[in-house]
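Remarks on the overall topology
So the chains spell out like this:
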Amino acid sequence: MQPAIADDLIRRIVESVHCAMMICDAQAEDTPLVYVNAAFEELTGYRSDEVLGRNPRFLQGEDRDQAEIDIVRTALTEGRNADVTLRNYRKDGSLFWVELSISPISNPAGGITHFSAIQRDVTVRKAALHALSESERRLSDVLENLPVGVFLIQNGTIQVNRAAEQITGYHRTELTDFDRSLSLLCGDSAEEVRRLWECDQTEGFPTPQILPIRDKAGTEKQIEFAICESGPQFICLLTDVTAQEDARLRMTEIQSELEQTARLSAMGETAAAIAHELNQPLTAASNYLQTVKLILSKPDLRPDPSLIDYLDKSDDEIHRAAEIIRRMRMFLRKAPIEKAWHNINNIIEESYELATLGSLERPVALRLRLAQNVPEVCVDKVQIEQVLVNLIRNALESMEESREAELSLTSTLNHDGSVRVDVADTGHGIPESVRSTLFRPFTSSKKDGMGVGLSICRSIVEQHGGVIEAHANIPLGSIFSFSLPRNGEAVSV
Ligand SMILES: Cc1cc2nc3c(=O)[nH]c(=O)nc-3n(C[C@H](O)[C@H](O)[C@H](O)COP(=O)(O)O)c2cc1C
Ligand SMILES: Nc1ncnc2c1ncn2[C@@H]1O[C@H](COP(=O)(O)OP(=O)(O)OP(=O)(O)O)[C@@H](O)[C@H]1O
Ligand SMILES: [Mg+2]
């Protein structure tokens, strides 16, 4: 190819390409432009006669403080290629982003005579990239500052926001691995949380679930997990609902306490009505017994003396029943209790007789271990008998199926001067189902049990300033113990 033809051909090619092209003289002062093509004129708005002889830096604006310009300067000094993206300005002052490739042109002797450059306008691409990174930045700003915890999960790694750090107590660098974080936070419920992820989301997102987690300090928190999918990522939102859950549970408790109080007060009214109704027949029965006694005491009749004794005993029992009813009405009305000084050992023995009157279907070995050094206690005798009768009946009922039934009634003097009574049996032990609510009203494991016995016992003991507790009797059965202060101060068992 002849050089003349080649020059002309090259000039026409350079002239016709759509990329802006420039050539600078490398050997002239300040590397001036010696050639620009038509695409350059179109892109920059400058005519060639306005730019030839000038260094291309006139395309830069006030903001020429760009790292890329340093790269160009160094590359030109060292005679190398330079590929950079720069901000430039057109003749009309409008900004455009330019992708610039500069190459040195050498003569056969190896000396650099010129630099050529191709400019590509990348304003649109740059703007799109900028918009994308801006929106990503805004999104991550929003996520970071959301008041709910966010776990962004992709391929087993997690990104967390500030609220998630606050909820879990862990720094985000400790929560990068999904599996590890799950077992760290959820322990046993890790599988349940994982199932939320793995469930079929074609039917919509799974219903948020409240599950317990343990934070770094070891505090258990109730967290609502809400999962949603976002492209290849999963997003899990964590809301700390511990306070709401506690309030809800407390409300449920208060509601059930209210229901129980309502039932108790309904029962109190019924009991008061029954007591009222029973008073008359009891008085009548007592009168009839007195009449029978009078008749039998006529000199000509001479009855067996034991008959009179039985009549007296029947009358005593009727009076005791009337007394229990009277005290019960007072108790239900929260009337002050009638205290007097009594020997607890006598109360224990009488209570055993009361509790077993006609009800012992099978023999029970009774072990009475009554300490002789117990001082008298100031109590309402009928009420403490009620406690003991309830405890003894429960003990006997628990041993109905036992092979060896043994009932121990023990009195002890505590170190603090209070008196302690233990009712121990060798029965089936306290069923798991009632253990946590043993002393609450309407707690019963029995078919016909009303479940009020122990709650009445607790009220009475506490009204006396005492405490009542239940324990397992090793190896078999249960022990119910209560302690009474000598004269009403609070004590511990
Ligand atoms: C062939 C050639 C083309 C150039 N084209 C541009 C250009 O389009 N825009 C630009 O800002 N700088 C361009 N430059 C770079 C500047 O001319 C100059 O080298 C750069 O600003 C660094 O030097 P300075 O610090 O002396 O200005 C070009 C340089 C050469 C050699
Ligand atoms: N000595 C005991 N051994 C094993 N379980 C007992 C004993 N005493 C009480 N319990 C358990 O506690 C429950 C509550 O006793 P509580 O006396 O309050 O009610 P109840 O005996 O079921 O009914 P009632 O109101 O008629 O007394 C019982 O149902 C039983 O499950
Ligand atoms: Mg009972």
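Up top is the structure these notes are about.
Residues numbered from 1 in each chain as written. Chains lettered and ligands numbered in written order. Predicted model: local features only at pLDDT ≥ 70, side-chain atom pairs only at ≥ 80, totals over all residues.

Here we take up the overall build of the chain. Within the chain one finds 14 helices and 17 strands. Evaluated residue by residue, the chain yields a buried proportion of 21% over its 493 residues. Taking contacts inside the chain between residues at least 6 apart in sequence as the whole, the part at least 24 apart equals 52%. (Helix = DSSP H or I, 4+ residues; strand = E, 2+ residues; numbered from the N terminus. Buried ≥ 20, exposed ≤ 12 C-beta atoms within 10 Å, placed from the backbone. Contact = placed C-beta atoms within 7 Å.)

With that settled, the discussion passes to the environment of D246. Relative to the helices and strands, D246 is located in helix α9 (residues 242-296). Of the residues examined, D246 has 11 C-beta atoms within 10 Å and is grouped as exposed.

Glancing now at the site of ligand 2. Every one of the 24 residues lining ligand 2 counts as a neighbour, but N394, S444, G449, G453 and L454 are closest to it. Where the shell around ligand 2 is concerned, the elements lending two or more residues are α12 (381-398) and α14 (453-463). Looking at the shell around ligand 2 residue by residue, the classes come out as 8 nonpolar, 14 polar and 2 charged. (Near = placed C-beta within 6 Å. Nonpolar A, V, L, I, M, F, W, Y, C, P; charged D, E, K, R; others polar.)

For ligand 1, the set of nearby residues contains 21 residues, the closest of which are C24, P56, R57, F115 and A117. Split into classes, the residues belonging to the shell around ligand 1 amount to 13 nonpolar, 6 polar and 2 charged.

Turning our eyes to something else, we now look at the packing of α12 against α14. Between α12 and α14, whose axes approach to 9 Å, the crossing angle comes to 145°. By crossing handedness, the relation of α12 to α14 is classed as left-handed. Each of Q383, Q386, V387, N390, L391 and N394 in α12 lies in contact with α14, whose residues at this interface are G453, L454, I456, C457, I460 and V461. (Axes fitted to C-alpha atoms, helices over the stretch in contact; angles between N-to-C directions. Left-handed = near helix turned anticlockwise from the far one by under 90°.)

Below, the discussion takes up the sheet that holds strand β5 (residues 112-121). With respect to topology, 5 strands assemble into an open sheet ordered β2-β1-β5-β4-β3, the strand pairing being antiparallel. Since the sheet does not close on itself, it has two edges, and those belong to β2 (33-36) and β3 (82-89), each with one partner. Geometrically, the sheet is characterised by an average inter-axis angle of 25° between neighbouring strands, direction not taken into account. Bridging between strand β4 (residues 95-106) and β5 involves 9 bridges; their strand directions are antiparallel. (Pairing = 2+ DSSP bridges.)

It is worth spelling out the sheet that holds strand β12 (residues 365-370) at this point. Judged by pairing direction, the sheet is mixed, and its 5 strands sit side by side in the order β12-β14-β15-β17-β16 without closing on themselves. The open sheet has two edge strands with one neighbour each: β12 and β16 (467-472). In this sheet, neighbouring strand axes are inclined to one another by 15° on average, regardless of whether the strands run parallel or antiparallel.

All right, on to the pairing of β5 then. Of the pairings in the sheet, the one linking strand β1 (residues 20-25) to β5 comprises 6 bridges and is antiparallel in character. Bridging across to β5, A20 finds its partner in Q119. In sequence, β4 turns back onto β5 through a hairpin of 5 residues, with G110 there showing a positive phi of about 95°.

So, on to helix α4 (residues 67-78). Compared with an ideal rise of 1.5 Å per residue, which puts 12 residues at 16 Å, α4 spans 17 Å between its outermost C-alpha atoms and is within 8% of the ideal. Within α4, only 1 of the 12 residues are buried, leaving the element largely exposed. One or two positions beyond α4, positive phi appears at G79, with a value near 70°. (Expected span 1.5 Å × (residues − 1).)

For the α-helix, the turn length of 3.6 residues means that residues three or four positions removed from each other point alike. Listing the buried residues of helix α7 (residues 178-186) in full gives S181, L182 and L185. Across the axial projection of α7, the buried residues extend over an arc of 100°, all falling on one side. Positive phi appears at G187, one or two residues downstream of α7, with a value of about 55°. (Arc of directions from axis to C-beta.)

As a further point, take unusual backbone geometry. Cis geometry is adopted by the peptide bond preceding P475, which originates at I474 and carries an omega value of 5°. By secondary structure assignment, the location of P475 is in the loop between β16 and β17 (478-484). Look at D30: it is not a glycine, yet its phi comes out positive at around 60°. Relative to the elements of secondary structure, D30 occurs in the loop between β1 and β2. Assessed through the 10 C-beta atoms surrounding it within 10 Å, D30 is described here as exposed.

Running from N to C, helix α11 (residues 344-356) and α12 cross one another at 55°; their axes reach a closest spacing of 9 Å. On the basis of their axis angle, the class for α11 and α12 is oblique. As α11 packs across α12, the resulting crossing turns out to be right-handed. Of α12, the residues touching α11 (which contributes I347, I348, E350, S351, Y352, L354 and A355) are K381, I384, E385, L388, V389, I392 and R393. Broken down by class, the residue content of the contact of α11 with α12 amounts to 9 nonpolar, 1 polar and 4 charged. (Parallel < 35°, antiparallel > 145°, perpendicular 65-115°, else oblique.)

If you look at the biggest cluster of nonpolar residues, it comprises 30 residues, and the most contacted ones within it are V387, L388, L391, I392, A395, V423 and C457. Elements with a contribution of two residues or more to this core: α11, β13 (377-379), α12, β14 (406-413), β15 (419-424), α14 and β17. Within the second largest apolar cluster, 16 residues are counted, among which are M22, C24, L33 and V36. (Core = buried A, V, L, I, M, F, W, Y, C linked by C-beta atoms within 7 Å.)

Another point: the pairing of β17. Of all 7 residues making up β17, 5 are buried, and the element is well covered by its neighbours. Pairing between β15 and β17: 6 bridges, direction antiparallel. By the bridge assignment, V419 is partnered in β17 with L484. Relative to β17, β16 runs antiparallel, the two being bridged by 6 bridges. Along β17, the bridge assignment pairs A472 with S478. Between β16 and β17, which pair antiparallel in sequence order, lie 5 residues; one of them, G477, sits at a positive phi of approximately 90°.

With that settled, consider the environment of S101. Tracing the chain through its elements places S101 in strand β4. Along the primary structure S101 and Q119 are separated by 18 residues, whereas in three dimensions their C-alpha atoms are 6.8 Å apart. With residues near it in sequence (within four places) discarded, S101 still touches D83, A117 and I118.

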